[in-house]
Amino acid sequence: MSDNQNLLAEQRRALILDEVRRRGGVRVNELTRRLNVSDMTVRRDLDTLARQGVLEKVHGGAVPVAEASTHEPGFEAKSSLELSAKEDIARAAAAMVVPGSAIALSGGTTTYALAHHLLDVADLTVVTNSVRVADVFHTSQRAGGTGGRRPGAPTVVLTGGVRTPSDSLVGPVADQAIRSLHFDVLFLGVHGVSVEAGLSTPNLAEAETNRRLVRSARRVVVVADHTKWGTVGLSSFARLDEVDTLVTDSGLPDRARVEIAEHLPNLVVAGEAAESSAEPAGPTS
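Residues numbered from 1 in each chain as written. Predicted model: local features only at pLDDT ≥ 70, side-chain atom pairs only at ≥ 80, totals over all residues. Heavy atoms only, no water.

Undergrad: Any chance you could explain the sheet that holds strand β13 (residues 235-238) here in plain terms?
TA: Think of a sheet as strands paired side by side through backbone hydrogen bonds, with each pair either parallel or antiparallel. Ordered in space as β10-β11-β13, the three strands form an open sheet in which the pairing is antiparallel. Edge positions in the sheet fall to β10 (192-194) and β13, since each has one partner strand and no second. Pairwise comparison of adjacent strand axes, ignoring direction, gives a mean angle of 40° for this sheet. Against the sheet, helix α9 (residues 204-215) touches β11 (198-201) and β13, its axis set at about 5° to β13. (Pairing = 2+ DSSP bridges. Helix = DSSP H or I, 4+ residues; strand = E, 2+ residues; numbered from the N terminus. Axes fitted to C-alpha atoms, helices over the stretch in contact; angles between N-to-C directions. Contact = heavy atoms within 4.5 Å.)

Undergrad: Explain the side chain of Lys86 to me, please; I cannot follow it from the model alone.
TA: In this fold, Lys86 is placed in helix α5 (residues 83-94). Buried charged residue Lys86 carries no salt bridge. Nearest counter-charge: Asp225, at 5.0 Å. Polar side-chain contacts of Lys86 include one of 2.8 Å to the side chain of Thr109. (Buried < 20%, exposed > 50% of the residue type's maximum accessible area, 1.4 Å probe, protein only. Lys, Arg positive; Asp, Glu negative; His and termini not counted. Salt bridge = Lys/Arg side-chain N within 4 Å of Asp/Glu carboxyl O. Polar contact = N/O pair within 3.5 Å; in protein donor to acceptor, adjacent residues only side chain to side chain.)

Undergrad: Honestly, the environment of Ala238 in this entry has me stumped. Any pointers?
TA: Tracing the chain through its elements places Ala238 in strand β13. Of the residues examined, Ala238 reaches a relative accessible area of 6% and is grouped as buried. Sequence separation between Ala238 and Arg211 is 27 residues; the distance between their C-alpha atoms is 6.7 Å.

Undergrad: Please explain the nonpolar core as it appears in this structure.
TA: One broad rule of soluble globular proteins: the nonpolar side chains tend to lie buried together. Ranked by internal contacts, the top residues of the largest apolar core, which has 27 residues, are Ile103, Leu105, Leu114, Leu118, Phe137, Phe187 and Val247. Residue assignment for this core shows that the elements contributing at least two residues are α5, β4 (102-105), α6 (109-117), α7 (131-143), β9 (183-189) and β12 (217-223). Sorting elements by how many residues they give to this core places α5 first, with five residues. Counting residues in each nonpolar core, the second largest holds 26 residues, with Ile178, Phe237, Ile260 and Leu264 among its members. (Core = buried A, V, L, I, M, F, W, Y, C linked by side-chain atoms within 4.5 Å.)

Undergrad: Is there a simple way to think about unusual backbone geometry in this case?
TA: Excluding glycine, residues mostly have negative phi values, and the peptide bonds linking residues are mostly trans. Phi angles above zero are rare outside glycine, and Asn36 is one such case at about 60°. Residue position: Asn36 is located in the loop between α2 (28-35) and α3 (39-51). Exposure remark for Asn36: the relative accessible area of 39% places this residue in the partly exposed category. One non-glycine residue with positive phi stands out, namely Asp123, at about 60°. Assignment of secondary structure puts Asp123 in the loop between α6 and β5 (125-128).

Undergrad: Help me understand the sheet that holds strand β3 (residues 61-64) in this model?
TA: Strand order in the open sheet formed by three strands is β1-β3-β2, with antiparallel pairing between adjacent strands. Among the strands making up the open sheet, the edge pair consists of β1 (26-27) and β2 (55-58). Across four bridges, the pairing between β2 and β3 is antiparallel. Paired with Lys57 across the strands is Ala62, a residue of β3. With respect to the sheet, α3 is in contact with β2 and β3, its orientation differing from that of β2 by roughly 135°.

Coordinates in, geometry out; function isn't part of it.
Now the structure itself:
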């Protein structure tokens, strides 16, 4: 981490969290020197990150939280993490969407960010099991003030089901709805990605619903920031070779990029040159 007096609070906390995860713990006095900020500023940042449940404060510093494979953070807790990375990923993924296509968006904070970038893509049909994603499109429609559906506005299909802590709808009702549908591309948010476990989640019911989404898609695009690489949840629901494209951010280490290239046909690193190689995610012929 380089010294920078002008770092935004979000950027500063992201750097602190990365350092904690990379080194297994940090001391307050180390962070004050590296970030060139006051002791009080660092302690406030650690308090904020501790409230979000992403690290644990100890005397004189902080250590990572040892999460169980069954731990599932709520939507609000996850939505405050890696904000810049999620925006970069959402922008890159949105550029892959062709007007007039049928797409699916799974639950998650990255797909939620993606939804905002799709509001002006014409004539989309959007299938989602995310209450939050559906609300993005519905709120935009109401904000138009026309009293009806504006021309070219997305058609949104929200599955039923049981609501998870991440505001996804899962279970038999969701599975049955998805089973009868077919879409050109699935944009899939994940809890974890690894070579051994593939795509995984801590929620067993969500794992089954995600399997249904993968089976109903002609193409599967995973949208996941770099912190998801190497994370393993309780239940795997897809192998890496079932994924067509992974869209991630520039924080992904070089070693991980090599591993991904050995198992996936397409890696898109948002903001880097590889982004331009992404294929449009529209209807297939």
